[in-house]
Amino acid sequence: MSANTDWATGLASNSVDQRVATLRKISHQEDAVTGVTVQCVQLAGDSDDDVRMWAAEALSQAVTPTPADVDSLAELLLHSEDGEIGYWAATMLGRLKMEAATAVDALQSCVLNSMYLPARERAVWALAEIGPAAANAIESLEKAAEAAPPRLKRLAKEAIKTIGKAA
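A brief structural summary. Numbering of residues starts from 1 in each chain and follows the order in which that chain's sequence is written. With pLDDT at 70 or above as the cut-off, local features in this predicted model cover only qualifying residues; side-chain atom pairs require 80 or more to be listed or tallied, and sums for whole chains, interfaces and linings still use all residues. Side-chain calculation: all heavy atoms of the structure are included, whereas hydrogens and water are not.

All right, on to the packing of helix α7 (residues 104-113) against helix α9 (residues 138-146) then. Where α7 meets α9, the closest approach of the two axes is 10 Å, and the angle between their N-to-C directions is 15°. What the angle tells us is that α7 and α9 run roughly parallel. Between α7 and α9 lies a crossing whose hand is left-handed. Listed contacts from α9 to Q108, V111 and L112 of α7 are S140, K143 and A144. Residue classes in the contact of α7 with α9 are distributed as three nonpolar, two polar and one charged. Only C-alpha atoms enter the line fits that serve as axes; for helices the fit covers just the stretch in contact. Angles between N-to-C directions range over 0 to 180 degrees. Helix and strand definitions here come from DSSP, where helices need a minimum of 4 consecutive H or I residues and strands a minimum of 2 consecutive E residues; each element is numbered from the N-terminal end. Throughout this description, any angle smaller than 35 degrees is read as roughly parallel, any larger than 145 degrees as roughly antiparallel, any in the 65 to 115 degree range as roughly perpendicular, and the remainder as oblique. With the far helix as reference, a near helix turned anticlockwise by less than a right angle produces a left-handed crossing, and one turned clockwise produces a right-handed crossing. Every residue pair with non-hydrogen atoms within 4.5 Å of one another is taken to be in contact. When residues are grouped by polarity, Ala, Val, Leu, Ile, Met, Phe, Trp, Tyr, Cys and Pro land in nonpolar, Asp, Glu, Lys and Arg in charged, and all others, Gly among them, in polar.

Given below as structure tokens:
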């Protein structure tokens with residue numbers, strides 16, 4: 001059995017201890033870990049604080065999204081009310097840059113509708129990372145820049161410049 005299969009099984013376990021142990025192993029990997037991105041993002045919203053913490057650690061350290069994750073991450077962004085899940089889904093999409101262009105609608109929905117400010121900020125960052133392929137989000141970014149808290153306003157203005165109105 002491959003490491004990814006073992007990790008996927010451990011992450012899906014009903015045992016909190018097993019999920020934590022698996023996330024710890026993933027977070028200590030020196031090589032990029034693929035194939036468990038969506039599971040780790042979902043676990044960032046787990047009811048157990050240790051699972052949430054180690055999911056964030058794994059996502060920060062080793063988990064690397066692939067283009068195959070884009071649709072599932074966009075769905076999480078659109079349908080999860082958990083701010084941590086939204087934050088990490090946007091982060092993983094941003095790491096994919098242009099390869100996440102199909103998630104622009106989900107990201108701009110997060111910018112406009114999320115109740116969790118860090119998720120909104122991260123969605124703006126992700127749109128900037130996508131670049132010109134996110135041109136249809138400029139109107140949403142302008143709207144966010146009008147009535148947003150200072151940091152979100154600044155990020156939105158920077159994203160608009162990065163994406164470029166002529167794109």
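That was the structure; now back to the text.
With that settled, consider helix α8 (residues 117-130). In a helix, the anticipated span is given by 1.5 Å times the number of residues less one. Here α8 spans 20 Å end to end across 14 residues, near enough to the 20 Å set by a 1.5 Å rise per residue. Taken as a whole, α8 has its buried residues at A119, R120, E121, A123, V124, A126, L127, A128 and I130. After α8 finishes, the residue G131 shows a positive phi value of roughly 80°. Per-residue accessibility, obtained with a 1.4 Å probe over protein chains only, is compared with the maximum for each type, and a residue is labelled buried under 20%, exposed over 50%, and partly exposed between these values.

What follows concerns the pattern of salt bridges. The rule for a salt bridge is simple: a side-chain nitrogen of Lys or Arg has to be within 4 Å of a carboxyl oxygen of Asp or Glu. Counted by the stated rule, this structure contains five salt bridges. D46 is paired through a salt bridge with R19; the nearest N and O atoms lie 3.4 Å apart. Placement of D46 in the loop between α3 (37-43) and α4 (49-61) and of R19 in helix α2 (residues 16-27) is noted, with a sequence separation of 27 residues between them. Between R151 and E121 there is a salt bridge, with the nearest N and O atoms lying 2.7 Å from each other. Remark: E121 occurs in helix α8 and R151 occurs in helix α10 (residues 150-163); sequence separation between them is 30 residues. The class of R151 is partly exposed, set by a relative accessible area of 45%.

Let's shift gears to the packing of helix α1 (residues 3-11) against α2. For the pair α1 and α2, the least separation of the axes is 8 Å and the interaxial angle reads 145°. You can see that α1 and α2 cross each other, and the crossing is left-handed. Residue-level contacts link W7, G10 and L11 of α1 to Q18, R19, T22, L23, K25 and I26 of α2. Looking at the contact of α1 with α2 residue by residue, the classes come out as four nonpolar, three polar and two charged.

Below, the discussion takes up the side chain of D46. Residue classification places D46 among the buried residues on the basis of a relative accessible area of 12%. We call two N or O atoms a polar contact when they sit within 3.5 Å, provided that within protein one can donate a hydrogen and the other can accept it, with sequence-adjacent residues counted only if both atoms are side-chain atoms. Of the polar contacts made by the side chain of D46, one reaches the backbone nitrogen of D48; its length is 2.8 Å. Ignoring anything within four residues of it in the chain, the contact list for D46 reads R19, V51 and R52.

This part takes up α9. Buried within α9 are the following residues: I138, S140, L141, A144 and A145. Along the long axis of α9, the arc covered by the buried residues comes to 160°, so they all point the same way. What points out from α9, more than 90 degrees from its buried face, is the exposed set E139, K143 and E146. Looking at the buried positions of α9, the neighbouring elements they touch are α7, α8 and α10. The arc refers to the directions leading from the helix axis to the C-beta atoms.

Further remarks concern the environment of L107. Relative to the helices and strands, L107 is located in helix α7. What L107 contacts, discounting residues up to four positions off in sequence, is L77, A90, L93, A123, A126, L127 and I130.

What follows is about the packing of aromatic side chains. Between 30 and 60 degrees the pair is tilted, below 30 it is stacked and above 60 it is edge-to-face, where a pair is any two Phe, Tyr or Trp rings, Trp via its six-membered ring, whose centres lie within 6.5 Å. Applying the stated criterion to the full structure yields one aromatic pair. Pairing Y87 with W88 gives two aromatic rings, centres 5.1 Å apart and planes at 85°, and the pair type is edge-to-face. Criterion for a charge above a ring: Lys NZ or Arg CZ within 6 Å of the ring centre, and within 35 degrees of the ring normal. A cation sits over an aromatic face here: R122 above W125, 4.2 Å from the ring centre.

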